[in-house]
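Observations on the model geometry
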Amino acid sequence: MNALRLSPDGTRLVSVVQSLNADGKSYGAALWEIPQDPGGEPRRLTRSAKGEAGAEFAPDGTLLFVSRRPDETAKEAGGDSAALWLLPERGEPVRVATRPGGIGGVRAAGGTVVYSSEVLPGDAATEEERRKAREEAGVSAILHEGYPVRYWDHDLGPARTRLFAGRAVREGLEDVRDLTPAPGGALDEHMSFDLTPDGRTVVATWRAPLPNGDVRWDLVAIDVADGSRRTLATSGGHDFGGPVTVSPDGRLVACVRERHGAEETAVALDLWVVDLDTGEGRAVAAEIFPAAVAWAPSSRELFFAADHQGRRPVFRVPLDGEVTRVTADDGAYAELCPAPDGSVYALRGAVDSPPRPVRIAADGSVTTLPSPTPALDLPGTLTEVTATAEDGTEIRGWLVVPAEATAEDPAPFLLWIHGGPLSSWNDWSWRWNPWLMARHGYAVLLPDPCLSTGYGQGMVERGWGDWGPVTHADLMAITDECLKRPEIDEQRTAAMGGSFGGYMANWVAGHTDRFRAIVTHASLWNLDQFAGSTDGAHYWRREFGVPGSARYARLSPHRSLGEIRTPMLVIHGDKDYRVPIGEGLRLWWDLQRSGVESKFLYFPDENHWVLKPGNAIAWYETVLAFLSQHVMDEEWTRPPSLS
């Protein structure tokens, strides 16, 4: 489950549920209605080979969604682009809007529907034929005149994101118009938007290019009637980002304000509220890392979910009061949907639980609702662990131990280092799932060292601009503490990490030989090389300074190549633009030329995460085979999926 929406009257709850397709090679998604009574049964609302996403209720209770499904009632097929569909409470879905570049996010209010779409520059009336002409001519080139040019796993341009608005009628949309005919790259990727309840104003993040390749995100208000735009919030030292949400009374806008990092100053995030008329803004919750934000129906308070001590609880903050924690359990909450009766519907995940729909009462009690996803039988136990760092800071984490581990038969140990670096091990993950490793007999430590979120600004500042040394010391401190446990084998150990965690895996490899094996996924190896080729170079320049400066040299793992003795498995996807493939290729070559025992698992068509079902299986099989060889002293066996 990856989305949850509550109807305006609070009577219907709809979720987007993803599942493996019958071919076993791809995933599909469908809309499901979730019963608000624990005794009810989930009901599937949509079913198509192309799947559905982007669910959003209109004020009248009809459901809007985005899908590439064909329209059986239309003479023209409409291509394979995602279209906007309407699902009435009774009846079949109806396609209500199409665009040559497809349709992305959608919002509906006050008789207005606003949606985003990628549009080629030039005359919109000829866009479809111009797209076809480019394809037939074999032109894939993109001419850039500004930064950035890529984002995570795809290229930016030549099409740019625009916002369109239409008047909602029973048959679909009328009077559809382009609200942002010349946005440049202002609405690409990072964009979040919402619509005022009267349907007259769109509030959106707006990317502003700055000199020397830097960028800033502002908050703007766009008039639906004439497309005029005014800036609501801007600051030379901050970004205003999503989630953007307008209060039910239409007076205020909530968003996240992020202070720009600098070489000596760490980033900091606030929950920011802006007056829609005056632009006056203030922080209602400071130095938090919110994952979800939603207004209470009264418009007098906000609910948000934010990292906190290895959890992600729900908090409540009145506009004129103090922040209070609502949920007291170990859950990681998302997709908050406040209801008229004072309760909040949400998705609740945890390290030991995939996301499931819940209802949170005003007193914080949580009721689990029926879900279309099956419950899982986990092969072990989850325990909270702590250790004391060199400077006296408490380092905490989660420890997964297989059920069969005992003092007489202790489990081999895996140190898993999270990415980010501003992140926390507090939620379920299908890609880095410790329970799969526990099923194969491994204990897994999920620690939150310095730079982890949910422990106050000081925890971030401890490692800011000093990634390797401080983080390494924290990781070793909590590892030492876990290895004292009799059910864990202190001799059979390995370390693994991805992204920033991969950077740290490389750092660990060059600064200790205590582990029998190291797995490094999508990892940073040469910081100076990375800083100029990543998709967001401006962000890292703020922390590390001008490329080539002393901080790059001091903190780059490649400088310790000569100290690496531990066998390493390098994993990288060619479509990874956050940590480009050059990092993996350079690391692999450096290990080979230095005689370090190593293997390279390369995915030509994968991104930062490795998401395709078959490739995910190959990932786990290869990691387990590598660990079996070096941690369990078994003979190397080539993974079945790669044979």
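Bear in mind the structure is a predicted one, so any value in this text is a computation, not a measurement. (Residues numbered from 1 in each chain as written. Predicted model: local features only at pLDDT ≥ 70, side-chain atom pairs only at ≥ 80, totals over all residues. Heavy atoms only, no water.)

By the element assignment, His154 lies in strand β12 (residues 154–155). Each C-alpha atom, one on His154 and one on Lys575, is 7.5 Å from the other, the two residues being 421 residues apart in sequence. Excluding residues that lie within four positions of it along the chain, His154 makes contacts with Glu189 and Tyr577. A distance of 2.9 Å separates polar atoms of two side chains, one belonging to His154 and the other to Asp153. Looking at His154, its side chain comes within polar contact range of the side chain of Glu189, at 2.8 Å. (Helix = DSSP H or I, 4+ residues; strand = E, 2+ residues; numbered from the N terminus. Contact = heavy atoms within 4.5 Å. Polar contact = N/O pair within 3.5 Å; in protein donor to acceptor, adjacent residues only side chain to side chain.)

Moving on: the side chain of Arg216. Note that Arg216 resides in strand β17 (residues 215–223). A polar contact of 3.4 Å, which involves the side chain of Arg216, links it to the side chain of Thr234. Aside from chain neighbours lying at most four places away, what touches Arg216 is Trp206, Arg207, Ala208, Leu210, Thr234, Ser235, Gly236, His238, Asp239 and His260.

With that settled, the discussion passes to helix α7 (residues 537–544). In terms of residue burial, α7 counts as a mostly covered element, since 6 of its 8 residues are buried. Restricting attention to buried positions, one finds in α7 the residues Ala537, His538, Trp540, Arg542, Glu543 and Phe544. Tucked inside the fold, the buried residues of α7 contact β17, β19 (238–246), α4 (467–482), α6 (527–533) and α8 (550–555). Phi turns positive, to about 90°, at Gly545, one or two residues after α7. (Buried < 20%, exposed > 50% of the residue type's maximum accessible area, 1.4 Å probe, protein only.)

Looking now at the side chain of Ser499. Here Ser499 is to be found in the loop between β35 (488–498) and α5 (500–511). Ignoring any residue separated from it by four or fewer positions in sequence, one finds Ser499 in contact with Gly419, His521, Ala522, Ser523, Leu524, Val579 and His608.

A word on the nonpolar core. In this structure, Leu415 and Tyr503 are the most contacted members of the largest nonpolar core, which totals 59 residues. Not counting residues up to four positions away in its chain, the partners in contact with Tyr503 are Trp467, Gly468, Ser523, Leu524, Leu527, Leu555 and Pro557. (Core = buried A, V, L, I, M, F, W, Y, C linked by side-chain atoms within 4.5 Å.)

The tally for this structure, following the rule as stated, stands at 21 aromatic pairs. For the pair Phe65 and Trp85, a centre-to-centre distance of 6.3 Å together with 10° between the ring planes defines the contact as stacked. Within this pair, whereas Phe65 is found in strand β6 (residues 63–67), its partner Trp85 is found in strand β7 (residues 83–87), the two being separated by 20 residues in sequence. Per residue, the accessibility class of Phe65 equals that of Trp85, and both read buried. Each member of the aromatic cluster is reached from another via a ring pair, and the members are Trp467, Phe500, Tyr503, Trp507, Phe530, Tyr539, Trp540, Phe544 and Tyr552. Over the face of the ring belonging to Trp206 we find Arg229, whose NZ or CZ atom lies 4.0 Å from the ring centre. Note that Lys599 overlies the ring of Trp636, its terminal NZ or CZ placed 4.3 Å from the centroid. (Phe/Tyr/Trp six-rings, centres within 6.5 Å; stacked < 30°, edge-to-face > 60°. Lys NZ or Arg CZ within 6 Å of the ring centre and 35° of its normal.)

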